[in-house]
Amino acid sequence: MSEQNSSGTEEPSVGQIMATLTGYWQAKILLTAAESGLFTTLSEAPATAEKLSERLGFHGSGTSDFLLALAGMGLVQVSEDGTFKNAPTADRFLVEGRPEYIGGYVQFVSRELNPAWDGLGTSLRTGKPHNPAAQTGNPYSTLYADREATDSFLASMDMLNTPLLQRLSALDWSAYTSFVDVGGARGNVAHHLVQQHPHLKGGVFDLPPLRAPFTAYMESLGAHGGVSFHGGDFFSDPLPEADVLIFGHVLHNWSTEDRRTLLRKAYDAVNPGGAVIIYDPMVSNDRPPLYATLAALSMLVWSAGGGEYAVAECHTWLKEAGFHPETVGPEDTPDDVLIIGRKEHWVPAAPAV
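Computed from a predicted structure; not experimentally measured.

Q: Just to check I follow, could you spell out helix H11 (residues 188-196) for this structure?
A: Note that an α-helix has 3.6 residues per turn; residues three or four places apart therefore point the same way. With seven of nine residues buried, H11 is to be regarded as a mostly interior element. Along H11, the positions that sit buried rather than exposed are Asn 188, Val 189, Ala 190, His 191, His 192, Leu 193 and Val 194.

Q: Looking at this structure, I do not really get the nonpolar core. What am I missing?
A: If you look at soluble globular proteins, the nonpolar side chains tend to sit buried side by side. Trp 173, Leu 245, Phe 247 and Ile 278 are the most contacted members of the largest nonpolar core, which has 71 residues in total. A total of seven residues in this core trace back to one element, the largest contributor, which is helix H10 (residues 147-169). The contacts of Leu 245, once residues within four sequence positions are left out, are Val 180, Val 182, Leu 239, Pro 240, Ala 266, Ala 269, Val 270, Ala 275, Val 276 and Ile 277. Core analysis: the next-biggest nonpolar cluster, separate from the first, contains 19 residues, Leu 38, Ala 49, Leu 75 and Phe 84 among them.

Q: How should the packing of aromatic side chains be read in this particular structure?
A: Two numbers describe a pair of aromatic rings. These are the distance of the centres and the angle of the planes. Going through the model one piece at a time under the given rule, you end up with 13 aromatic pairs. Ring geometry for Tyr 144 against Phe 153: centres 6.1 Å apart, planes inclined by 55°, an arrangement best described as tilted. Taken individually, Tyr 144 and Phe 153 each receive the classification buried, so the pair is uniform in this respect. An angle of 55° between the planes, with centres 5.2 Å apart, marks the rings of Tyr 309 and Trp 317 as tilted. Among the aromatic residues, those joined into a ring-pair cluster are Tyr 105, Phe 108, Tyr 144, Phe 153 and Trp 302. The residue whose ring lies beneath Arg 186 is Tyr 217, and the NZ or CZ to ring-centre distance is 4.3 Å. Between the NZ or CZ atom of Lys 343 and the centre of the ring of Tyr 267, over which it lies, the distance is 4.3 Å.

Conventions adopted
- Residues numbered from 1 in each chain as written.
- Predicted model: local features only at pLDDT ≥ 70, side-chain atom pairs only at ≥ 80, totals over all residues.
- Heavy atoms only, no water.
- Buried < 20%, exposed > 50% of the residue type's maximum accessible area, 1.4 Å probe, protein only.
- Helix = DSSP H or I, 4+ residues; strand = E, 2+ residues; numbered from the N terminus.
- Core = buried A, V, L, I, M, F, W, Y, C linked by side-chain atoms within 4.5 Å.
- Contact = heavy atoms within 4.5 Å.
- Phe/Tyr/Trp six-rings, centres within 6.5 Å; stacked < 30°, edge-to-face > 60°.
- Lys NZ or Arg CZ within 6 Å of the ring centre and 35° of its normal.

This is the structure we're talking about:
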């Protein structure tokens, strides 16, 4: 904390620096607790440090300090008799099997993003990602070669997309009959849209290795035929034709030129009178909030030329591709910004006289 001096200005304090440095330790404590299944175990019944050590396979005297640190972070609560239980936030979001469980994203951060962040200095000096998979091509190809990593990543994508479901389904879909979610993973967005708008024919376009997870997920939802899967690479293959193409958390993974390429391909695939829908954590000025800059740096170190971008830039790319863009909802928000680019109906040229 900073203190004010006699002149009314704040005295510099090392506390802010120390809080940031120890933030790394706190993140490691959270990741370790989640990976060990601690929150899921505590959801079954409160327990002492000794009992938890037995259940989780911990040894030595560190368990008590570990649990007290989690209590200090507000993730568990400790009673006077020394038993621990989940705090409400952990009980809601960190217990496996619950609807809002974010364990998949926690694993993705631990296995993919954090190792890439270790090379932040190198990425700043070279402009290239530290992630080895991104240095040689598409980082998703390597990610999808590991089934456990794939499952964690897909679960995290579902978690990140969930806040958008209501906003997407609230759009006016009455003029459209079909859509394709480009990079739509195992289809949670597509499934939600066809459930809310039964007249729509939905599709997901993603890399071929995701066909099996897509099929398994649709079967788990009891969805039969409502959403189809199209396997391909959106840089080397044409995009499926539809009234609407959706790019959710896709463009920020790639370079500016790649974004332009994808939107040009989208214009060719969208039917006349259709639209493209884009959502990402965009910014609206040259001083974006911290969450946006952190997301941008994550893309710098992990992906091939990725990063966050401004709303105005997205409008420019859409216009270059031939769309008429408009922003739906607020721009200065910690949530994703939603932009629609509309394609005009084709009007035949008048016959020569």
